[in-house]
Amino acid sequence: MNFVIPDFYPAAAELFVVAMSFVVLMTGTFLQNSRSLSYYLTQFTLLGAAVVTVYTMDGQVTLTFTNMYVDDLMGDFLKLMVYLSVAVVLLYSRSYIGDRRIESTEYYMLVIYATLGMMVMIAANHFLTLYLGLELLSLSLYALVATQRDSARATEAAMKYFVLGALASGLLLYGMSMLYGATGSLELSRIAQAIYHQGGDKTVLMFGLVFVVAGLAFKLGVVPFHMWIPDVYQGAPTSVTLLIASAPKLAAFGMAMRLLVNGLFELADQWQSMLMFLAVLSIALGNIAAIAQPNLKRMLGYSGISHMGFMLLGLVSGVVEGDRHFALNAYSSAMFYVFSYVLMTLAAFGVLLVLSRAGFDAETLEDLKGLNKRSSWFAGMMAIVMFSMAGIPFFIGFYAKFSVLLAVVASGYKWLAVFAVMMSLIGAFYYLRVVKVMFFDEPQDSSPIATPATMRVALSLNALAIAALGLLPGWVMWICDQSMLQSF
Amino acid sequence: MTEMQKLYLLVPLAPLFGAIVAGLFGKIVGRRGAHIVTILGVATAFVGSVFVFQDVQAGNTFNGTLYTWATSGGITFEVGFLIDSLTVMMMLVVTFVSLMVHLYTIGYMSEDPGYQRFFSYISLFTFSMLMLVMSNNFLQLFFGWEAVGLVSYLLIGFWYTRPTAIFANMKAFLVNRVGDFGFLLGIGLIAAFANTLNYAEVFAKAPALAAMTVPETGWPLITAICIGLFIGAMGKSAQVPLHVWLPDSMEGPTPISALIHAATMVTAGIFMVARMSPLFELSEAALSFVLVIGATTALFMGFLGIVQNDIKRVVAYSTLSQLGYMTVALGVSAYSAAVFHLMTHAFFKALLFLGAGSVIIGMHHDQDMRNMGGLWKYMPITWITSLLGSLALIGFPFLSGFYSKDSIIEAVQLSHIPGAGYAYFCVIAGVFVTAFYSFRMYFLVFHGEERFGKAVEHDAHGDHSAAHGDDEHGHDEHHHGLAPGQKPHESPWVVTVPLVLLAIPSVLIGFFTIEPMLFGDFFKGVIHFSDSHPVMAELGHEFHGAVGMAIHGMTTLPFILAMSGVAVAWLFYMKMPAIPAAIMKTFKPIHTLLENKYYFDKFNEIFFAGGARLLGRGLWKVGDQTLIDGMAVNGSAKLVGVIAQLTRLFQSGHIYQYAFSMIVGVFVLLTFWFNRA
């Protein structure tokens, strides 16, 4: 066996992040009061990774590390979005974690490793790399949830997240081993070929598929693998909730694309109907259960469940009776959906973070009452986010729903589109209730909103982007189309 | 993007910018800032339109997409411009009148607390109207259509503390929904059968559409499309029976009555039909429908103008009647005559409205003509300009209204489509009626006995006009008026300058533009008429120059009728005021009929509103209280409660239950898909 030095170039961004993580760790260990420095170093890491990613972007599909690793346009764009959302998360959470004394070098280290985990998941072309990335992400997140050690709620949430996450990992691993058994390979492209050529043992393949989908569903947080979401979202510090709710969804989408489309495309018929089942349940349960939540973090958790269900609709309408020419449109609409969901989630939790202060967490509907009287600017921004989430034209959320529904209709599942629209109608209720509470109720709390200017600006840009991209979605859609065109 | 395309974009965006600045940052920029920025925006749009006009005159038209918003099922939704002679004429009219109204508003609204808001609205209106006329596709047309409707709604209810204003804007909104329903159906049919929303593509497919029928009904598709579109036009351009909102819209401030409810928005329907001429030409039935509706509006709405005492309402009914004339012209395939009348009417009707507004300022917001009289002494500029406007309206030779209205009347005479005979009677009788109510208003306001300062009971506010614009006083016109002994005075220059500037085109524009617009190449390739409706061509044979037409016009029936209308008005309201009273007594039923506006409002109130209320009550009692409240709402609240309980049951916080749910999920997936596979 001869050892070939692998091509490091396609993984340059990951390597950069790893190197930077050591730098952050060292400065944190040897310098006193280095929290501020850690923060800036982390932001620098993300920026640097973005630069490297853009610099190494060549529009080719490049495999490396003996085909365990893939670098393509979809991966690059997803990664860029991950950097952006993690950077925004950190920006939004800075004063929050400072006030709660959980800002520390470890916090930033965990965020960096979570980011690295996501990058690996997105770039995986092999079950092992995929699993490695997933575990790196998950373990970092478990620790982050528990970072507020004096809070019983957070510790409990972390415990639940960890146990259930372990179960899901087990399911995923089990599924992977089945697929390995059926095809004799762990490499996604080889698996695809193997199924294409020999078909493999159907029973074992199906077994494997079900378990893999279950593991994936846990990560996406769709019904019935969603149970951790409300508890973890509510229990974790808002800054961590924001992180969990945003960037990992991009990674989960990447993972779904790698696993299902790159690896198991031949079984599309089967996994599409499974995902449809999950999507229908998620859209229904997410929207209905959200109505009953007075706690906004929990409500946004349920709303996220329904959004992920919606995103799955894009994945279920790719192949119609063996006809694949809808696939590009359908998958790029799903990608668009994830992008827009992340943008909206960032802004929604961002508003909660703006309203929080030392010793007070804004997280219930009560806390938003009369926001318009306290700050009509932020009330306006939150209204944009809520309108967009409800899918009201002309915000990005509308266009995201619209393009997914187009894909669904094009693939012939008219009833599914009607169902999804009806459910978003129900969903509009709890989004609009937030708007109503902000504009028509009397404030319960009249303390001034004191947040750093950077955060105000970033949050405003975030919300305005939701409005602007709703009017000019072609630009983002182009990115999604290109990614799909080049990657598959 | 070429230089011209940038210019096209600049024209609508400049007013939009003004609207945003004045609307969102009104407090920061202040009153002065608000009117400066909006006027600059509209002035930019006007100057831009002039350049575009020159470019179009040089033969450069444009039809293209600037931005594709979405693609769905083969239909693209896009933002695009179609710049040709029809568009550019509308752009010039809209931006010019809008500019005049902006200037005028400085004077008219000077004491209103909603000053910035008003400027923001009218600039927003200008933007929407420009988007409407510049569009090259139905989606953008519809956007503009709804946007102007929205701004119209906001402006009618501008003084939102007045219950009557709120009632009027609600009415305008609802009636327009009826029209929009038809409009949407028309667009929907086009989208469904032509599979495109782009004008040029639809027109290219028009012959194919003409051969189709609406599935399962056997109706000719093209007729269904055209009637659908025209119902939209009936709502927006206030044709019988969807006209009821326009008179009530006079609750809004006068400048918008001039801009929106006379010169531009209400003519959107006329513009739209002219733009769609390649479709309408293919359906004789639709044209006849258009013709009969237009003729009815032209004559019967004119009658109503006779019995009004509110100066603005007279002008409003006159607008209805003139819109009827334009619609008649559309019906007989004289699209260019309709658009020509649209243009001349925009100038002289805006002039008349602004003149009426000036009178209202002079009268301290008393709008009742019975309290006026002899104003010519006190308001010379308003007097002269209003006289010119009225003469243009009745079609006095050499003035703009003469050319456009006479062309329409002759076109109707030459047409042979069903309903043309009735229409000819209506338009010819309408001439007399128009002359009569116009000069009745003119004499009552500017001549005769000075009746002001007497009939006013409330003189508390009389000595200063501060009360107007004061929301606490609710803008009730009965609060205003001149105190005894007080004299009206001429309005400030910001009011009179627009009057003069509008009077110039009202007098001259017809004379100079009739030849190119009606008989020349101006609309060549833009407006189509089929060989079976050669009205305009025949009209062209009889045309021997603008001077000849005017001299010939003095010997024809319309002129005689117009002059006798003026004479009768003079006789009735200057010489022997006893006559109208006597006639009123003798023909009591007719007068009552007119006073009640043919009972349209009553009918709507009883039949539609009452019916809707009855239906609503029924639905409320049965549907809402028992079905929805009882079962659906309380039921679904219970259901949601149950689901919430269920989720709570599962969402117990116990990990093993969570894990159990996951295992169940896997189990379901497994069993289900094994049975399938």
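Rules used in this analysis
Residues numbered from 1 in each chain as written. Chains lettered and ligands numbered in written order. Predicted model: local features only at pLDDT ≥ 70, side-chain atom pairs only at ≥ 80, totals over all residues. Heavy atoms only, no water. Helix = DSSP H or I, 4+ residues; strand = E, 2+ residues; numbered from the N terminus. Buried < 20%, exposed > 50% of the residue type's maximum accessible area, 1.4 Å probe, protein only. Contact = heavy atoms within 4.5 Å. Areas by Shrake-Rupley, 256 points an atom, 1.4 Å probe, with all protein chains shown as cover. Axes fitted to C-alpha atoms, helices over the stretch in contact; angles between N-to-C directions. Parallel < 35°, antiparallel > 145°, perpendicular 65-115°, else oblique. Left-handed = near helix turned anticlockwise from the far one by under 90°. Nonpolar A, V, L, I, M, F, W, Y, C, P; charged D, E, K, R; others polar. Patch = residues over 30% accessible without salt bridge, like charges linked within 9 Å, V, L, I, M, F, W, Y side chains within 5 Å. Salt bridge = Lys/Arg side-chain N within 4 Å of Asp/Glu carboxyl O. Core = buried A, V, L, I, M, F, W, Y, C linked by side-chain atoms within 4.5 Å. Domains from an automatic or database assignment. Buried area = accessible area lost by both parts, 1.4 Å probe. Polar contact = N/O pair within 3.5 Å; in protein donor to acceptor, adjacent residues only side chain to side chain. Arc of directions from axis to C-beta. pLDDT = per-residue confidence, 0-100. Expected span 1.5 Å × (residues − 1). Phe/Tyr/Trp six-rings, centres within 6.5 Å; stacked < 30°, edge-to-face > 60°. Lys NZ or Arg CZ within 6 Å of the ring centre and 35° of its normal.

Looking only at helices and strands, one finds 21 helices and two strands in chain A. The proportion of buried residues among the 488 residues of chain A is 66%. The contacts in chain A between residues at least 6 apart in sequence include a share of 80% that link residues at least 24 apart. Carbon and sulfur atoms provide 68% of the accessible area of chain A, an area that totals close to 17100 Å².

When helices and strands are tallied, chain B shows 26 helices and two strands. A total of 677 residues make up chain B; the buried ones form 58% of that total. Taking the intrachain contacts of chain B between residues at least 6 apart in sequence as the baseline, contacts between residues at least 24 apart amount to 80%. Element-wise, carbon and sulfur atoms account for 70% of the exposed surface of chain B, whose accessible area totals about 26100 Å².

It is worth spelling out the packing of helix α5 (residues 127–145) of chain A against helix α11 (residues 247–263) of chain A at this point. Residue and element names in this part refer to chain A. Put simply, α5 and α11 touch, their axes get as near as 12 Å, and they point 165° apart. It follows that α5 is roughly antiparallel to α11 by the angle criterion. Crossing geometry of α5 relative to α11 is assigned as left-handed. In this structure, α5 uses F127, L130, L134, L137 and L141 to contact α11, whose residues at the interface are P248, M255 and L259. Residue classes in the contact of α5 with α11 are distributed as eight nonpolar, no polar and no charged.

With an omega of 0°, the peptide bond between V223(A) and P224(A) qualifies as cis. Of note, the bond from P393(A) into F394(A) is cis; its omega dihedral lies within 30 degrees of zero at -5°. Take F394(A): it is sitting in the loop between α17 (376–390) and α18 (396–410). In this structure, N195(B) takes a positive phi of about 60° despite not being glycine.

For the rest of this paragraph, the subject is the side chain of K219(A). Here K219(A) is to be found in helix α8 (residues 202–220). Each residue touching K219(A), except ones within four places of it in the same chain, is listed here: M121(A), L134(A), L137(A), S138(A), Y161(A), W228(A), K249(A) and A252(A).

With respect to the helices and strands, the residue H126(A) is situated in the loop between α4 (105–123) and α5. Under the relative-accessibility criterion, H126(A) is labelled buried at 11%.

Right, let's talk about a nonpolar patch on the surface for a bit. All names here are of chain B. A surface patch of nonpolar side chains, amounting to about 740 Å² of accessible area, comprises I381, W493, V497, V500, L501, I504, L508 and F512. When residues in the nonpolar patch are grouped by element, the largest group, seven residues, is from helix α19 (residues 493–519). According to the relative accessible area criterion, W493 is exposed, its value standing at 61%.

A word on the nonpolar core. Of all hydrophobic cores here, the largest spans 414 residues; its most connected members are W271(A), Y331(A), L229(B) and F280(B). No other element matches the 22 residues that helix α14 (residues 327–355) of chain A contributes to this core. Here this core spans two domains, and each of domain 1 (3–454 + 486–575) and domain 2 (602–675) of chain B adds at least three residues to it. In this structure W271(A) touches L209(A), V213(A), L260(A), V261(A), L264(A), F265(A), L315(A) and Y331(A), once residues within four positions along its chain are discounted.

To continue, consider the packing of helix α14 (residues 311–331) of chain B against helix α18 (residues 420–446) of chain B. Residues and elements named next belong to chain B. Put simply, α14 and α18 touch, their axes get as near as 11 Å, and they point 160° apart. Judged by the inter-axis angle, α14 sits roughly antiparallel to α18. Helix-helix and strand crossings are classified by hand; for α14 and α18 the assignment is left-handed. Each of I311, V314, V315, S318, S321, Q322, Y325 and V328 in α14 lies in contact with α18, whose residues at this interface are A423, V427, G430, V431, T434, Y437, R440, M441 and V445. Of the residues belonging to the contact of α14 with α18, the class tally is eleven nonpolar, five polar and one charged.

Turning to the interface of chain B and chain A, a few remarks are in order. Many analyses report the size of an interface as the accessible area lost when the parts associate. The partner chain A presents 45 residues to the 28 residues of chain B that form the contact. Both sides of the chain B and chain A interface together cover about 3000 Å² of buried area, and 80% of this is carbon and sulfur. The largest per-residue losses of area from chain B upon contact with chain A belong to W69(B), M662(B) and W673(B), which jointly make up 24% of the total buried on that side. Where chain B meets chain A, there are three residue pairs in polar contact (both at pLDDT 80 or more). Among the secondary structure elements, those contributing two or more residues to the side of chain B that touches chain A are β1 (62–72), α25 (600–650) and α26 (655–676) of chain B.

For the rest of this paragraph, the subject is the environment of A550(B). All names here are of chain B. Along the chain, A550 turns up in helix α21 (residues 546–553). Remark: the alpha-carbon pair of A550 and F396, spanning 154 residues in sequence, is separated by 8.8 Å. Apart from residues lying up to four places away in sequence, A550 is in contact with P397, F398, F402 and Y403.

All names here are of chain A. Relative to the assigned elements, V320 resides in the loop between α13 (296–316) and α14. We classify V320 as buried; its relative accessible area is 19%. Residues V320 and S411 lie 91 residues apart in sequence; the distance between their C-alpha atoms is 6.0 Å. Once residues within four sequence positions are removed from consideration, V320 is found in contact with F326 and S411.

Let us now look at helix α20 (residues 535–542) of chain B. Residues and elements named next belong to chain B. Here α20 has its buried residues at V535, M536 and L539. End-on, the buried residues of α20 take up no more than an arc of 90°, which puts them together on one face. On its buried face, α20 is in contact with α15 (335–362), α17 (400–414) and α19.

Residues and elements named next belong to chain B. Of the residues in chain B, 91% reach a pLDDT of 70 or more, and the chain-wide mean stands at 84. Counted against residues more than four places away or in other chains, residues 456–479, with its pLDDT under 50, gives 43 contacts. Here the predicted complex scores 0.70 on pTM and 0.86 on ipTM.

Attention now goes to the pattern of salt bridges. Residue and element names in this part refer to chain A. Counted by the stated rule, this structure contains 22 salt bridges over all chains. Residue K369 pairs with E366 through a salt bridge whose shortest N-O separation is 3.2 Å. Residue E366 is classed as partly exposed on the basis of its relative accessible area, which comes to 39%. The salt bridge partner of K436 is D441, with a shortest N-O separation of 3.5 Å. Linked through salt bridges whose partners overlap, the residues forming this network are E156, K160, D231 and R298.

Turning our eyes to something else, we now look at α5(A). With 19 residues, α5(A) should reach 27 Å at 1.5 Å per residue; the first-to-last C-alpha distance of 27 Å fits that figure. Taken across its 19 residues, α5(A) has 14 buried, putting it largely inside the fold.

This next bit is on the environment of A194(A). Its location among the elements puts A194(A) in helix α7 (residues 188–198). Judged by its relative accessible area of 9%, A194(A) falls in the buried class.

Now for the packing of aromatic side chains. Any two aromatic rings considered together are summarised by their centre-to-centre distance and by the angle between their planes. Residues and elements named next belong to chain A. Following the criterion strictly, the structure yields 51 aromatic pairs over all chains and no others. Measuring from ring centre to ring centre gives 5.6 Å for F65 and Y69, while their planes differ by 75°; the resulting arrangement is edge-to-face. Overall, Y69 belongs to the buried group, its relative accessible area being 4%. Site record: aromatic cluster; members linked through ring pairs are Y142, Y161, F162, F218 and W228. A cation sits over an aromatic face here: K401 above F310, 4.9 Å from the ring centre.

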